Structure formats: structure tokens, C-alpha cells
Amino acid sequence: MTALVDALGDTLRQWLPAQRWFAAKDSVVERVSAVRAHVLRDADPILVHTVVAVDLGAETQHYQLLLGLRPSLPEHLAHASIGCHEGMAVYDAAHDAEMLSLLLGLIASDSLVGELRFAAEPGVRLDPDLRPRPVLAEQSNTSVVYGQQYILKLFRRVSPGDNPDVSLHRALHSVDSEHIATPLGSVRAPLLGVDTDLVFLQEFLPAAADGWPMATASVRDLLAGTGGDAARVGGDFAAESFRLGQTVAALHADLRTALGETVTESGHAAELAATMHRRLDHALARAPELGRYEADIRAVYDRVAGAPGPMRVQRIHADLHLGQALRTPARWVVIDFEGEPAASRQDRETPCSPLRDVAGMLRSFDYAANHLLVGCAPAGGLHEQARLWTERNRTAFCDGYADLAEDPRADSALLDAFELDKAVYEVAYERTHRPTWVGIPLAAVDRLLGTQP
Amino acid sequence: MGTDAHPRRARSVAPEPEWFKSAVFYEVLVRAFSDSDGDGTGDLRGLADKLDYLAWLGVDCLWLPPFYDSPLRDGGYDISDFRRVLPEFGTVEDFVYLLDQAHSRGMRVITDLVLNHTSDAHRWFQESRRDPTGPYGDFYVWADTDEGYSDARIIFVDTETSNWTFDPVRGQFYWHRFFSHQPDLNYENPAVTEAMIDVLRFWLDLGIDGFRLDAVPYLFEQEGTNCENLKPTHDFLRTCRKVVDDEYPGTVLLAEANQWPADVVEYFGDKTVGGDECHMAFHFPLMPRIFMAVRRESRFPISEILAQTPAIPDGCQWGIFLRNHDELTLEMVTDDERDYMYAEYATDPRMKANIGIRRRLAPLLDNDRDQQELFTAMLLSLPGSPVLYYGDEIGMGDNIWLGDRDAVRTPMQWSPDRNAGFSRCDPARLYLPTIADPVYGYQGVNIESQMGNTSSLLHWTRRMLQVRTRHTAFGLGEFIELGASNPTILAYLRRHRREDGTEDLVMCVNNLSRFPQPVELDLSEFAGHTPVELTGCVQFPPIGELPYLLTLPGHGFYWFQLAEIERGDGS
């Protein structure tokens, strides 16, 4: 079957860069070839599972595809069309409910197809008849909800080895963490000789909403009000921020219980600071406006490097923000433990201070408060109102965290450095993707350095 | 009218088992509704005169707070004779007349029965204190010291310092969970349980349709406990239920137990037999959370409490309300939430009473019509039988300068005439002054003017009650919350599978935000169905496999029937 995929090489070369989940948008795709391909269904419509190698010249990335083949494409699948092969229409079968049902069935029955190992988690019985619905909001992966009960994540860009999203969920589940969605199943296969996670099935939380729209609803209420104290406004979010802080602290404790904690040699701080410096180098190349802050930022990182004593490190979420926290009717749940999409697998799996997660959430509060003001003149009290909202909710979040763990503000030098590191990354990201938003992280850099904009 | 209008027993209403599951209740204070004899105080005959209005509105059952003989030191909850009507309200014959007239309109009537205690003016208490060895000597809980049951909390913290009070006549302490002038009955004494069941029978024999059992968690005491929700209390309720089922089928017992839902469900009794204690119980924690959710523009305060609410036995139903004659009770919220509610809804300290807020619905919502409609729409569509509070259907105001909870007990506003059309008396003689401020005053806010205006809140409320009546899903349906990625939207299905296999399927979507909001709902399970808006029968686009998009105005809501219908284009 690899022959089919190889024959489609040119078509895929055109199609891949147009996909939301394709990571190498600014590179030229030189060649697409199949690493593996399995026929999951050999009747009309045909379903082929494949992992392709995408040759970008300087590097090769791997992507997972579900290819469907039909004599002709029905209207409801027209948007999923990829091309033609020997008179058959080829399409992205991740949009095809019939094919997605098949996938669930294979997991439910613990099937083995070639080297593809479909498996439910130990002790889990799945209902293969639940109706699939592809989630249209495309992220860096493709998700499918089954009957409001399961959510399946098809990892698009894959790299050899365990995916931290799967392994951290399993570890947390093994210690009965109540702040995750239960893992239910997976698909694995060797990639370049290493066993690799390809698909992850989890409990779906139907009545949940994520923290970002909740926080922004609160900000909107404040900004549209008559002014005054954020604490006195009806849409106050601080109680939720507090619970979210407790949740993150509990999750960190669960990760320690499951996977341990290391007290590092004193050299770790220097290593951490060196990484931050490197990230700053990278950002400076893309966002020249950071130039005038360079000396001050490096001074903050140097203070981290010079901090005496060991550091406590552990596995963390590594890409925590309001959009990764789901409010269910019972509690906050944290999702998506894949780590920062741009980071290397090794970076993602390196134990780190949990303050990095805290810093990520603090940055997210800042974004929630300010994104509605993008494009507004800085005059007027709105920016001040937004600042008060951020302050109030940052404080509530840290108070919640401190309720169950050490106060993250106790080591403010490290927390500030993590926040600065994140803000620097954001400036570079916004410069490339959303130039009008660049003022949000830049203002944070000013605040963290104590400089005036 | 002939003597037939004064039967000793009211005519019966058409039997309908489980009527209470679909009924709309209306709480009306006899004192506050209509004065037939011009003495400045509402009475039973006055209320009977207004039954046509209540039938027009679409009320199924009246709930009357106590109208028994009483020294009125606790709004009539201090009863001095269970078998007499408070003279200013009328007589037992007047009550039978009211009941008869209500039944003739298909309307039922329930009333409060205070089981836990009596007034200290009750003959039983007077006998008990005078003659410890006489027939009533053991009717109350007496002790030589005030040290017993020390784990029981004090409920009326504003006025009481102990649950024991010394009686100089008998030379002993008596037990009371509420005011010191309300001694608790001693349910360990079989003569007390028998006497109270006879009280039930007395009113049931007249034809009454049920009782709201006041303060039920406190009937029995036991050392080392908090003296709430004890097993013998449940045993007694089972006895009451058996009397009702055996001798007066079709009558309902409604528990007032201001407790968490997980504790309240105990008052429904044994699930395996469909419930064998009370038919209904008030869901107290839901109400403050509706207020909180709308103010925070987040559905989670409501979702959370409903998710924590256990399933109830088949033969049972919750009673839900937005406001009633008491303060807006905040016992069932956390301290933080209570501070929040005070800050949001009780900006003046006089708006607070005990642990709650003494305000009516309209002033609580800044007289915002959209919010009043949203709140009422949720009240009518969330699981449970809705209880409306008199006057809220026209958006009546309150008077926080009146004492205790009188702020929300002022005369009903019928017309712009003298005394709001409530009474012909000299205005100075009214039991409480009418609301006369420029916003809520009776000259502007009254039944007469709103009846003449079809876009009024009154007509809107009536239309919603009519819609509710047409769909069994509201009363009998399962409640299924629909997820929505927009946290300001509370969406749910009410789904009733009828015995013939057909379904009544209603979807309610509420925008808790003051801003317009979009929402995408996963309705793929109903692909092919058409949402039909219930107030105007407008067909919305059919449901497909993709998320169903709706947009709602600020504080807007929709009720849809999800129907499988043939669509036409006019040809």
C-alpha cells in the first residue's frame, strides 16, 4: 500500500501545507513518501492508514494521515478532497463518520493490523456504536467526539516514541488524579524502529467549557461596566481563578506522586538560564523591538543562573494556559499534556520547576484581560481596568495554588524569569502571526522589567 | 347564594394522580391579596373573589402560608389553634368556600402546616406548663437544665441566644429551634403524633389538596447529634404519608427542608417504592445560584448544583422558586458566595435579613424586563414544579424600610385606585402601606393596567404558562444538560417519553450574559429534527450533523420543540 501513498506524493505535497496542523508552513516541501501504510478497510470506501515522511530539505517531519478512497465523493465530503488515484477520489477520512466509526471499533476490539496496535486501556470497555463527530475547530491535531462520551485525538505530526500527552495522562490516572479526563485507549506502531503513540482516546466532558471564554466573559463584564473595583463587579472571576490555582497545585502533586521529583545539582539553574538566553537570541532575530530590552532581560536570566542552591524539578504540563483548563460542573480539569508544540520532544520531557506552569497561566490571565483592547487607544481607563482584572486574578490563582502547595510567589526571581521567558516567546510569535497583538506581551515585558513603555 | 355554597366539605376537583408534577404553584398571602370586608387586611373571601384572575393567569395550585389562629409573632407560623382560622381572615366555613370555588375552576389549594412547634399561646402549651402531670404535661420538650442537645445550631441568630428558654410557671426549661415563643412539640410522645395526625385529617376532610410541611428536619431530638434529619423524623413522615395515601389519595405533602439536595432527597423516602415520605420538597440551593450565574455570566453555578442533585424517586418532584415570603435564603451557599450575593444584590444593609436578602424579584434585577423574563423562563423550564410569588407576575416592588420580612409582603396591586384596589378602607388602616414609590408604585404597576396591555410582563407570564402546559416534558421530562463551548450559555433538553412510545422533546437555551452571544450545540443525535420555537411556532433550520449555531440577544432565551416534521415551502 505504500505504493498508493508514494503515487500520491505530488498531490500530498500540494495538499499538506494547506492544512492547519501542518507545522512547516514557511518551508518548501520537497518530497512526500510513505513510511508505512495499512489498509484498515478493503471495500468501498477504502480506508488507508499511513505515516508519511515529509522532506523539507533541512529536516524531515512525519505526519499521520487517514486516506479514504471512493469511486466518487459525496457532497458532504467534498471539503475533505485530496485528489485522485486511478479513477478513485482520495480524501481525508478524518472527516468521514463511517471511517471514524471503524477506527473506534478497532480500538474497542483491541485489534492488530500489521504493526498497528489498537487497544483500549486496561479494564475499559468501549461502546463501538457511538456516533462520531469530527471537531471542526482544527488545532495542531485532529479530534473526533464519539456520542458525547469519548474524544479521540489523531496526532498529526508524530515523532518517534511516547507522546507525553498519553504517558502523562496514564501516569496521572494511575494515581487517581481527579483533574484529568480519563484515558480510554490508544493506537501505537513502531516509527523508525521506536514504539510511537499515534492516536489517543479519552473521556469526553460534555458539559465543560474552557477557561478562556470564561475569563474573557468576566473581562467583558468589567470593561463594559461603569468602572470601579474589579472585586465589586458581578462578573468577578477570582473565585474560579482560586479554584484553578488549587487544581494546578493538585495536579503538580499528582505528577510528583506518579513520576517523582528531583532535587537538582546547583548547575541546573545555569543550564535553565542558558536555555532562556538561547530562546531570547531566537526571539531577537524575529522581533527587533525586543532589542532595547535585551540587556535588562539578560540580567534577569543571569540572576537565575547565579541563584544559590539546588532546584526542585519534576514533570509538568509545559504548555499551561486558560485554554487548556476545562471547567466541568464538578471541577476544573486540565487537558492536552503534549507540551509546547514548537518544542522538541526532549525539551518537553525534561523535568522542570512547576513554576513554569504557574508562569504560563499568569501570562494567560494577562492575555484574557488585554486581548479585547487590541486596537484601542491606550487612553481612557480601560487599560487600567484590564490591569486591575489581571492583578486580581493572578493573585487569586497564586492564593489558590498556595492553598495546597508552596506559594509560587516565594521564589519571585524564578517566577518572574519564567514569565519573562514566556512573554519574550510571545512577542516573537505575535510578530510573525498576529502583529496587532504584539503590544500585549511587550507591555508584560515592560511590567516585569519595571521599565516604562 | 344558597346554603349549598357553604358545604362542610368542598366539592372535589377532577382526580389526576401526580398532578403536582406538572402544576404551576402560586404562593399567595391571604393577608396581602384582597380585602373583602374593608378592615385593611386581606381575607379568605377576598382571595376567593380573585380566583378568576388566577385561573386566567394559568395557576394550577395555590399555596397559602398559615391562616390559622395565631398571636402573629412569626407571621402566623406561631399557631395557637390548629382548627380555627385567624378571625381577621374569616372562618373555617370561608376556607371551605374558597376551596370549593378553587376546585370548581380546576385549581387546587395547599397550605402550610407547622408540625415542629406551636405558639406558646396554644392551649396545649398553657396546660403543659401549668400541669406537668396532666394530659399535656409531656407535649413539649422540658428539662431541668439548658445543657441538652448542645450540638444543635441556633437558627434565628438575629434574635435567639439559646435553643432553651426557662419557663417560670413550670420551673423548667423548654426546647425551641426557632423563636422562644414557639416551643417544640415532643414527638417522642405518641399522644403528640396522634394529635398532629388528627390535625391533618381535620383539613383533609374539608377537601384540602395537601400541605407544605414547615421546618420538617427538626421534629425529633437526639443527644450527640445536630438534631436535624434524624431517623425517627423520617419514620413519622412515613406515617403521615400512609394516612394521606390510604385515606385521601391525590393529596400532596411538600417538605420544607432547607438542606443540601443530598440530604433533602431523604425526605422523599424509599426510592424502590417510588417514595414513601413527602411527594415534593423545595430545592433551596438552586435559587441563589440562578442569581449568581446570571450575575457572573457563567452557567456553572447552576450546572454545578444540578449535577450535585441526586435522582429522586419516580413518584416525586422538586419545588423550585425564585422568591417567596421569606428572605432570599442564603443558608445553602458558601460564606464566599454569601458575601458575593450581598455585594451584588443587597447594596443597602437594610436589604439583609437573617442570612438572606429581603427583596422582591423585580428590584433584585434592577427592574430589568429582559432579566425578569430570563429568570422566569428558567424557573418554568428547570426540573421541578415552579412556585410563583404573588405580585412578581407584574414586577411588583418592595419596601425595605418595613420591619423583618414585611418588605416583600405588601398589598397586591390591582389597580391605580385607592389602596391599589386591595381594600376600600382608610389608607391609614392598611396592615402594611402599599408600594408608592415612583418606579414600582401601584399607580403604574398594577394588574388592571397590565391586563390592558398585551405586551406587559403579566401577559408575557401568562403566555409562558400556557406554553408550559402544552408540553409534558417540562413537568415530567428528564433533564439533560447540553454542553456548549460558550460558558455564558446554559442549554438543556427536557425529554419525556410517553407511555405510547412517543416523545416530547424540548430544548431550552439561555443566555446568562447581558451581551449578545453565539453558541454551537452538538445536536447530531437529533439530525433531521427541526427546532420549532415554542412561543411563535417558528421553524428554525433543520438540525444536521454539524454543530447547530444559534445567536441570542443579551439575557435572551429560546424554548424549542425538537420535532420530526415535513417541511413545506408553500407550494
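Heads up: the structure comes first, above all this text.
Just so it is clear, the model here is predicted, and its values are computed rather than measured.

Caption draft 1: Local environment of the overall build of chain A. Tallying secondary structure elements over chain A gives 13 helices and 18 strands in all. For 453 residues, the compact-globule estimate of 2.2 N^0.38 gives 22 Å, and the C-alpha radius of gyration of chain A, at 23 Å, lies within 12% of that figure. Considering chain A as a whole, with its 453 residues, one finds that 54% of them fall into the buried category. The contacts of chain A with a sequence gap of at least 6 include a subset with a gap of at least 24, amounting to 67%. Carbon and sulfur atoms form 51% of the exposed surface of chain A, whose accessible area is close to 18,700 Å². Side-chain charges of chain A comprise 42 positive and 61 negative groups, with the mean position of each set lying 2 Å from the other.

Caption draft 2: Structural view of the interface of chain B and chain A. Taken together, the contacts link 27 residues of chain B with 26 residues of chain A. With both chains or domains summed, chain B and chain A bury close to 2,100 Å², and 52% of this area falls on carbon and sulfur atoms. The largest per-residue losses of area from chain B upon contact with chain A belong to Phe300, Glu304 and Asp522 of chain B, which jointly make up 25% of the total buried on that side. The interface formed by chain B and chain A holds 6 salt bridges in total. In this structure, Arg295 of chain B and Asp221 of chain A form a salt bridge, with 3.7 Å as the shortest nitrogen-oxygen distance. Here chain B is connected to chain A by 9 residue pairs in polar contact (both at pLDDT 80 or more). Every element with two or more residues in the side of chain B that touches chain A is listed here: α9 (286-296), α10 (300-307) and α11 (335-345) of chain B.

Caption draft 3: View of the nonpolar core. The biggest cluster of nonpolar side chains holds 158 residues, and the ones touching the most others in it are Tyr26, Phe95, Trp203 and Tyr390 of chain B. A total of 10 residues in this core trace back to one element, the largest contributor, which is helix α6 (residues 190-206) of chain B. Counting 69 residues, the second largest nonpolar core, distinct from the first, contains Met361, Ala368, Leu414 and Val445 of chain A.

Caption draft 4: Broad picture of helix α13 (residues 439-449) of chain A. All names here are of chain A. Within α13, 8 of the 11 residues are buried, which leaves the element mostly enclosed by the surrounding structure. Buried within α13 are the following residues: Ile440, Pro441, Leu442, Ala444, Val445, Asp446, Leu448 and Leu449. Tucked into the core, α13 has its buried residues touching α8 (294-305), α10 (355-370) and α12 (412-433). Positive phi shows up at Gly450, right after α13, with a value of about 75°.

Caption draft 5: Inspection of the sheet that holds strand β6 (residues 142-143) of chain B at higher detail. Residue and element names in this part refer to chain B. Taken in spatial order, the 3 strands make up an open sheet running β6-β8-β7, and their pairing is antiparallel. Unpaired on one side and paired on the other, β6 and β7 (164-167) mark the two borders of the sheet. Here 2 bridges tie β6 to strand β8 (residues 172-175), and the two strands are oriented antiparallel to one another. Bridge pairing links Trp142 to Tyr174 in β8.

Caption draft 6: Seen up close, the pattern of salt bridges. All names here are of chain A. Summed over the entire model, instances satisfying the criterion amount to 70 salt bridges over all chains. The partner of Glu289 in a salt bridge is Arg431, and the shortest N-O contact between them spans 2.2 Å. Here the residue Glu289 occupies a position in the loop between α7 (267-286) and α8, and Arg431 occupies one in helix α12, the gap between them amounting to 142 residues. Through salt bridges with shared partners, a single network forms among Arg279, Asp319, Glu340, Arg356, Asp421 and Lys422.

Caption draft 7: Looking closely at the packing of aromatic side chains. Residues and elements named next belong to chain B. On inspection of all chains with the given rule, the structure shows 54 aromatic pairs over all chains. Between Tyr68 and Trp203 the ring centres are 5.5 Å apart and the planes differ by 80°, which places this aromatic pair in the edge-to-face class. Of this pair, Tyr68 sits in strand β3 (residues 68-69) while Trp203 sits in helix α6, placing them 135 residues apart in sequence. Its relative accessible area of 1% is what places Tyr68 among the buried residues. Owing to a relative accessible area of 0%, Trp203 belongs among the buried residues under this scheme. Members of the aromatic cluster, joined through ring pairs, are Phe67, Tyr68, Phe82, Phe95, Trp124, Tyr136, Phe139, Phe202 and Trp203.

How each quantity is defined
- Residues numbered from 1 in each chain as written.
- Chains lettered and ligands numbered in written order.
- Predicted model: local features only at pLDDT ≥ 70, side-chain atom pairs only at ≥ 80, totals over all residues.
- Heavy atoms only, no water.
- Helix = DSSP H or I, 4+ residues; strand = E, 2+ residues; numbered from the N terminus.
- Rg over C-alpha atoms; globule rule 2.2 N^0.38 Å.
- Buried < 20%, exposed > 50% of the residue type's maximum accessible area, 1.4 Å probe, protein only.
- Contact = heavy atoms within 4.5 Å.
- Areas by Shrake-Rupley, 256 points an atom, 1.4 Å probe, with all protein chains shown as cover.
- Lys, Arg positive; Asp, Glu negative; His and termini not counted.
- Charge placed at Lys NZ, Arg CZ, Asp CG, Glu CD.
- Buried area = accessible area lost by both parts, 1.4 Å probe.
- Salt bridge = Lys/Arg side-chain N within 4 Å of Asp/Glu carboxyl O.
- Polar contact = N/O pair within 3.5 Å; in protein donor to acceptor, adjacent residues only side chain to side chain.
- Core = buried A, V, L, I, M, F, W, Y, C linked by side-chain atoms within 4.5 Å.
- Pairing = 2+ DSSP bridges.
- Phe/Tyr/Trp six-rings, centres within 6.5 Å; stacked < 30°, edge-to-face > 60°.

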